[in-house]
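Residue-level structural notes
This is what each chain is made of:
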Amino acid sequence: MKRLAALLAGVLVSSAGAVHAQGFPTHPITMVVPFAAGGPTDAIARIVAEHMSKALGQQVLVQNELGAGGTTATARVAQAKPDGYTIVMGQMGTHGTAPAVYPKLRYNPVTDFAPIGMATLAPVLIVARKDLPPKDLKELVAYARANAAKLNEGHAGVGSISYTSCTLFNAAMGVKITQVAYRGTGPALNDMLAGQIDLMCDQVVTYVEQVKGGAIKAYAIASNERSPALPNVPTTKEAGLPNFQVTAWSALFAPKGTPPAIIAKLNGALDKALDDENVRKRLTEQGGIVPPKADRTPAWLQAFVKNEVERLTPLLKAALAAQNK
Ligand code: MLT
């Protein structure tokens, strides 16, 4: 009798959970962006959130929470209530390279989240203030070797994509350049426009208009192929630094323990957003690459993040060790 009562209680609890997931969402969802407004993570989040709101019938509100290369906000989301109402736009920094540089990181990118899906890929672009003397990447490498002590690089905090990319770039050039931390590359770009920051290496998204308008200069895109958004910018392979290649990514995560039915709804809304013509246009115009259908599932993202942490940790550690020799 006791056993039957316990079984019935179990059934009631799980069907209550199912009903909860069925009605989801009943109120707005917060999409945390762990970097400042105006940078690539923020831009990607705002484009997909707008369309996800339509698909879910509830507002997906973007909230910027800054600090420690995106890891402060990401740690908060890992510990948030796993009910689908707090999710984070994670990326290659927060979920790929942070473990290499934060020994006391307060989350495990592989085990503390319920992945929702990949949002966008974006190759890294090497940019500089418009009046930096070198005309092309070869000249920049020579200039950096001769003037490393005079140069600076802006990035979005230790462990971020821009920090990692510039660190790998410096290692590829064999130089150590002063790095200046911001709480996002939006503010760093503003300082580059004002002539205070010399160089940045960041995902191409949010730099296209400034490059086209001549407000900053682009030396190369760190991928095998040119970006359709900036067809005149050579690849690092063409420009003489073939070993420097970085493709950044941004993806949505919920806290571990979020019911699978809720993850499925959020994933479905993201998938719809990425199929929408206007969303695709806005992302690709800025150099983003919309992931193919097969790479948009939670299971794919789970395996991808594990692989990225394993791939990027030794790479970044080796680049840092080379710099500190
Ligand atoms: C990064 O460097 O990780 C991002 O570009 C930061 C940002 O989106 O501001």
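Structure shown above.
Residues numbered from 1 in each chain as written. Predicted model: local features only at pLDDT ≥ 70, side-chain atom pairs only at ≥ 80, totals over all residues. Heavy atoms only, no water.

What about the site of the ligand?
What surrounds the ligand is a group of 13 residues, the closest being Thr-41, Ile-161, Ser-162, Thr-185 and Asp-202. Take Gln-91: an N or O atom from its side chain is 2.9 Å from an oxygen atom of the ligand. Take Ile-161: an N or O atom from its main chain is 2.8 Å from an oxygen atom of the ligand. Here the shell around the ligand is composed, by residue class, of 4 nonpolar, 8 polar and 1 charged. Two domains each put at least three residues into the shell around the ligand: domain 1 (28-122 + 248-317) and domain 2 (123-247). (Near = heavy atom within 4 Å. Polar contact = N/O pair within 3.5 Å; in protein donor to acceptor, adjacent residues only side chain to side chain. Nonpolar A, V, L, I, M, F, W, Y, C, P; charged D, E, K, R; others polar. Domains from an automatic or database assignment.)

Some details on the pattern of salt bridges
Within this structure, the stated rule accounts for 14 salt bridges. Between Arg-46 and Asp-42 there is a salt bridge, with the nearest N and O atoms lying 2.9 Å from each other. Residue Arg-46 and its partner Asp-42 are located together in helix H2 (residues 40-56), separated by 4 residues, close to a single helical turn. A residue is classified by how much of its surface remains accessible, and Arg-46, at 36% relative accessible area, is partly exposed. (Salt bridge = Lys/Arg side-chain N within 4 Å of Asp/Glu carboxyl O. Helix = DSSP H or I, 4+ residues; strand = E, 2+ residues; numbered from the N terminus. Buried < 20%, exposed > 50% of the residue type's maximum accessible area, 1.4 Å probe, protein only.)

Some thoughts on the environment of Val-175
Examined against the element boundaries, Val-175 turns out to sit in the loop between helix H6 (161-173) and strand S6 (178-181). By relative accessible area, Val-175 is classed as buried at 9%. For the pair Val-175 and Lys-135, spaced 40 residues apart in sequence, the C-alpha to C-alpha distance is 19 Å. If we ignore the near neighbours within four places in the chain, the residues touching Val-175 are Ala-144, Arg-145, Ala-148, Asn-170 and Gln-323. (Contact = heavy atoms within 4.5 Å.)

Concerning the nonpolar core
One finds Leu-137, Phe-169 and Phe-244 to be the most contacted residues of the largest nonpolar core, which totals 55 residues. Looking at this core element by element, the count peaks at 8 residues for helix H12 (residues 298-323). Residue-level mapping places this core at the junction of two domains, with at least three residues from each of domain 1 (28-122 + 248-317) and domain 2 (123-247). Beyond its immediate stretch of four places on either side in the chain, Phe-169 contacts Ile-126, Leu-137, Leu-140, Glu-153, Cys-201, Leu-241 and Phe-244. Ranked by size, the runner-up nonpolar core spans 51 residues in total, among them Phe-24, Ala-229, Leu-230 and Val-290. (Core = buried A, V, L, I, M, F, W, Y, C linked by side-chain atoms within 4.5 Å.)

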